[in-house]
Amino acid sequence: MTGYLGIDVGSVSTNIVFMNEDNHVLESIYLRTQGQPVKTLQLGLKKLAESLPASTVIKGVGTTGSARHLSAVMVGADVVKNEITAHAVAALQQVPGVQTVLEIGGQDSKIIILRKGVVADFAMNTVCAAGTGSFLDQQAGRLNIPIEEFGALALKARTPVRIAGRCAVFAESDMIHKQQMGFELPDILAGLCEALVRNYLNNVGKGKEILEPVVFQGGVAANIGMRKAFEKELGLKINIPRYYNVMGALGAALLAKEAAAKGNATRFKGFRVADMNFSTGSFECSGCPNMCEVIEISEEGTVIARWGDRCGRWSNALAREQVQIS
Amino acid sequence: MPAGVGIPRALLYYYYYPLWKEFFKTLGCEVIISDKTNKAILNDGLSHCVDEACLPVKLAFGHVLNLAAKKVDYIFIPRLVSVAKGEYICPKFLGFPDMVKHSLTGLPEIIDVTINMRLKHRELSKAYTQVGKLFTGNRVKIWQAYRRGEKALKRYNQLLLEGCLPEEAFAVMEGKQKQSKLNSHDLKIAVIGHPYNIYDPYISMNIIKRLNSMGARVVTADQLPEEVVRREAANLPKKLFWTLGQRMVGAGYSFVKDNNIDGIINIVAFACGPDSMTGELIARSSRKAGQTPFLNLTLDEHTGEAGVVTRIEAFLDMVRWKKSQQAAGLGSA
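All figures in this text were calculated on a predicted structure; none of them were measured in a lab. (Residues numbered from 1 in each chain as written. Chains lettered and ligands numbered in written order. Predicted model: local features only at pLDDT ≥ 70, side-chain atom pairs only at ≥ 80, totals over all residues. Heavy atoms only, no water.)

S.K.: Help me understand the interface of chain B and chain A, please; the structure alone is not making it clear to me.
M.R.: It is common to give the size of an interface as the accessible area lost on bringing the parts into contact. The interface of chain B with chain A comprises 22 residues on the first partner and 26 residues on the second. For the pair chain B and chain A, the summed buried surface comes to about 2100 Å²; carbon and sulfur atoms form 52% of the total. Inspection of the chain B/chain A interface yields 2 salt bridges. As a salt-bridge pair, Arg68 of chain A and Glu313 of chain B come within 3.3 Å of each other at their nearest N and O atoms. (Contact = heavy atoms within 4.5 Å. Buried area = accessible area lost by both parts, 1.4 Å probe. Salt bridge = Lys/Arg side-chain N within 4 Å of Asp/Glu carboxyl O.)

See below:
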C-alpha cells in the first residue's frame, strides 16, 4: 500500500493522517500537544506505524500548523504549508464547491472565503483568543462538565441567556454572574455558545460575505452547541465534514500528494523518527542589540535546524555547512 | 568642530531625510542618524513613552534616546503640523517634541521648529530660516542650504517614482549604483502603510525583503506621483484632511484599478486612529472593484513573527492560486 502523510502540529492538538492514492483517509490520529510538540509528534507517528501494515510505503509528507517548520525538519517533509491553505485544500476536497470555511481550533480561529474553487479572502483572529477551543475547555473545567458533553447540554437550553462575548475575561465574569442569579446550566452554556459565535462573526468574520455551502471545522466543530449557534445566527445550513478535527493534516497530505505527482522522491526519514533522540534548545545571540532568541533543533546530538535569528547569521551558517557536507 | 545634528530614523525620516541632511550639511553641521531600529531601541522607547501613544511614536522615543547616547549637540524633531495646504499631519506628530521634552531628561538641545503649511506654503522657508539662524547669521547661506535641501528632496522623490524604495534611493544618492531589478518575481504586490511602518525592517518584520524572497516584487504608495494619489483620493465623498491617510487611500484606489497589481497588503499600526479608517476604505474598494486580493496586517510591539509569516504565506498562496485559475480559464476559453 502506498500513501501520504499529513501532519498538523498546533498549539492544542497534534493531528496526523494517512491518506491513500484515492484521497481516502485510512488512519487519523488526534492527540493533545500539551506543550510538547516533539514528543507528541513522535508518539503519534509510533501509533500510526503500529496501525499501518509494515509494507506501507510513504510517498510524500506534508506539514502544517504553528509547529510546521519544527515537524518538517524532524520527519523530513516534502511540503510545508500554512494552515489557511491546508484547511482550504481539505475543505474543497471534502465538500466540493464550498464557499465558506469556519475553522475554530485550540487557540486560533479563521474564516476562509472561497469562490469558484479558490481562496478569495481569509482572516485569522488577531490579538484575542476569545471564542477558541481553549476558552471553551477552560469554562467546561470551571463548570465541572466534561468538554465532550458541553454541546449536548447546551442543546437542552430553553432560553439561552445573553452573555457578553466581546472578551473572554468579561464573558467569564458574566457567566458567573448569571449562575449566581440562578439561571440553569444548559441556558448558560447555550448562551456562551451564542456569545462565542457572535464574537467570531464580529471579529474574524467582520465584513466577509458568508455564502453556502458553509463548512465548520477544527476541534470546536465537535461541539454541537456551537454548530447550532452558528446555524441560528447565520440562518444557513452548517456542514461538518467527517474529518473535521484533522482537516489541516488532511490538507497537508493532499498537498504532499500534489508535490509527489511532480515526480520528486520523498524526503521522509521513515517511522524510525519516532524513536530518534530530538532535542531543542535556544540561546540569545549577542551579535547585535536585537538579541534574537535562536532555536536549535538537534537530531541524535547533531544540529539539524536553527531559526529565530533576524539576520540569518545562524540559520544560514547551518545551511552552508549542510551544503558543504552533501 | 562642527555642530552635530542628530536626526531620528523614525516618523517622517523616510519622507524628508534627504532635505534635512543636505540642509544641515550645507550649514556646516555634521549630520548623525540614529541606528537602525533594534530590540534595544524599541524597548527604550516603550519604557519612556506614555502608554497611550501609538507604536511609531513610542519607537521614535527610542531613536531620540539613541541619539542622546551618541552625544550629539542637537536633536532635530520639527513640530510637523501641516505639510500641505488645508491638510494636517497626525496630532501625535504635532505633540511629539513636547512629549519628548517633558518625558525625557538630560537631552541635548532640541530643535523643534514648527512646520505649518496649512495656510501658506511660504511658511516652510520661514521655518528653515529660523533653524538656520542657530548655526549662522548669514541669511544667504541659509537660503542656499534650504535650496540645496529642496533639490535633494526632489531627486529623492524622482528616484521613488522610478521604482526605488527609500533605502535604495538613499544609497543611490550616496553615489552607489542603482541595482537592477531581478526578474525572478512572478507577483507584484502593493504594500500600503505609513512610511515609518513599512520601511522600517524591524517594525514591519522585514516585510518587503520577505515578500521579495517569496517571489513578489513590492510597490508602495510613495512610488506613485502626487497627482495620481490626489486624483484618486478625490473620489471620496469628503476630503481626507490627513496628508498621510490621503496618500494611502489614493494609492489604494489606484492599485485596485491597476491590473498589474496582483494583491494589496495594508499595514496598520495598532492604536493608529486614522489607519483604522483608511484600511477599511481600501478594503471596501478592493472588494467592490472586482476583488484585488487584500490583506490587512496589524502590527504592534507584541506582534509575533509567526502570525505575520503565516498570513503572508497564505496570502501569496491565495494570489497565485487565483492567478493560475485565471490563466487556465483563459487558456480553455
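After that view, the rundown keeps rolling.
S.K.: Sorry, what's going on with the domain arrangement of chain A here?
M.R.: All names here are of chain A. When the domains of chain A are assigned, the result is domain 1 (2-88 + 248-275), domain 2 (96-240) and domain 3 (278-325). Between domain 1 and domain 3, the C-alpha centre-to-centre distance is 24 Å. Each partner contributes residues to the interface: domain 1 has 8 residues there, and domain 3 has 7 residues. Overall, the association of domain 1 and domain 3 removes approximately 600 Å² of surface from exposure, summing both partners, and the carbon and sulfur fraction of that is 77%. Where domain 1 touches domain 3, the interface holds 1 salt bridge. Between Lys269 and Glu299 there is a salt bridge; the shortest N-O distance is 2.6 Å. Viewed at the interface, domain 3 and domain 1 are joined by 1 residue pair in polar contact (both at pLDDT 80 or more). Looking at the side of domain 1 that touches domain 3, the elements that each hand over two or more residues are helix H1 (37-51) and helix H2 (68-75). Considering each element in turn, the side of domain 1 that touches domain 3 owes the most residues, 4 residues, to H2. (Domains from an automatic or database assignment. Polar contact = N/O pair within 3.5 Å; in protein donor to acceptor, adjacent residues only side chain to side chain. Helix = DSSP H or I, 4+ residues; strand = E, 2+ residues; numbered from the N terminus.)

S.K.: Just to check I follow, could you spell out the environment of Asp121 of chain A for this structure?
M.R.: Tracing the chain through its elements places Asp121 of chain A in strand S8 (residues 118-124). For Asp121 of chain A, a relative accessible area of 16% puts it in the buried group. Separated by 88 residues in sequence, Asp121 of chain A and Glu209 of chain A place their C-alpha atoms 9.6 Å apart. Not counting residues within four places of it along the chain, the set of residues in contact with Asp121 of chain A comprises Ile111, Ile112, Ile113 and Lys208 of chain A together with Arg287, Phe294 and Met318 of chain B. Among the polar contacts made by the side chain of Asp121 of chain A, one reaches the side chain of Lys208 of chain A at a distance of 3.3 Å. (Buried < 20%, exposed > 50% of the residue type's maximum accessible area, 1.4 Å probe, protein only.)

S.K.: Would you take a moment to explain the sheet that holds strand S11 (residues 278-284) of chain A for this structure?
M.R.: Through backbone hydrogen bonds, the strands of a sheet pair up, either in parallel or in antiparallel fashion. All names here are of chain A. Strand order in the open sheet formed by 3 strands is S11-S12-S13, with antiparallel pairing between adjacent strands. A strand with exactly one partner marks an edge of an open sheet, and here the two such strands are S11 and strand S13 (302-307). In this sheet, adjacent strand axes meet at a mean angle of 25° when their direction is disregarded. Where H2 meets the sheet, its contacts fall on S11, strand S12 (293-299) and S13, and the angle it forms with S13 comes to roughly 155°. (Pairing = 2+ DSSP bridges. Axes fitted to C-alpha atoms, helices over the stretch in contact; angles between N-to-C directions.)

S.K.: Whenever I open this one, unusual backbone geometry confuses me. Can you help?
M.R.: Residues and elements named next belong to chain A. For the bond running from Glu212 to Pro213, omega is -5°, close enough to zero to count as cis. Considering the arrangement of structural elements, one finds Pro213 in the loop between helix H7 (185-203) and strand S9 (214-217). For Glu300, which is not a glycine, the phi torsion comes out positive at approximately 50°. Looking at where Glu300 falls in the secondary structure, it is placed in the loop between S12 and S13.

S.K.: What's the story with the nonpolar core in this structure? I'm lost.
M.R.: Considering soluble globular proteins, one finds that nonpolar side chains tend to be buried as a cluster. Ranked by size, the top nonpolar core spans 122 residues in total, and within it Phe24 and Leu211 of chain B carry the most contacts. The element best represented in this core is helix H1 (residues 13-26) of chain B, accounting for 9 residues. Ignoring any residue separated from it by four or fewer positions in sequence, one finds Phe24 of chain B in contact with Val5, Ile7, Cys29, Val31, Phe76, Ile111, Val131 and Phe135 of chain B. Membership of the second largest hydrophobic core comes to 40 residues, among which are Leu102, Val204, Phe216 and Leu236 of chain A. (Core = buried A, V, L, I, M, F, W, Y, C linked by side-chain atoms within 4.5 Å.)

S.K.: Hey, could you run me through the side chain of Lys208 of chain A in this one?
M.R.: Residue and element names in this part refer to chain A. With respect to the helices and strands, the residue Lys208 is situated in the loop between H7 and S9. Exposure remark for Lys208: the relative accessible area of 17% places this residue in the buried category. Here Lys208 is in contact with Ile111, Ile113, Asp121, Phe122 and Ala123, once residues within four sequence places are set aside.

S.K.: What should I look at first to understand the domain arrangement of chain B in this one?
M.R.: Residue and element names in this part refer to chain B. We note that the domain assignment places domain 1 (4-161) and domain 2 (184-332) within chain B. Using C-alpha coordinates to define each centre, domain 1 is positioned 27 Å away from domain 2. Contact with domain 1, which involves 27 residues of that partner, is made by 25 residues of domain 2. Inspection of the domain 1/domain 2 interface yields 8 residue pairs in polar contact (both at pLDDT 80 or more). The set of elements that each furnish at least two residues to the side of domain 1 that touches domain 2 consists of H1, helix H2 (39-48), helix H3 (55-69), helix H4 (91-103) and helix H6 (139-161). Examining the composition of the side of domain 1 that touches domain 2, we find that 4 residues originate from one element, H3, more than from any other. Residues that form the side of domain 1 that touches domain 2 fall into these classes: 19 nonpolar, 3 polar and 5 charged. (Nonpolar A, V, L, I, M, F, W, Y, C, P; charged D, E, K, R; others polar.)

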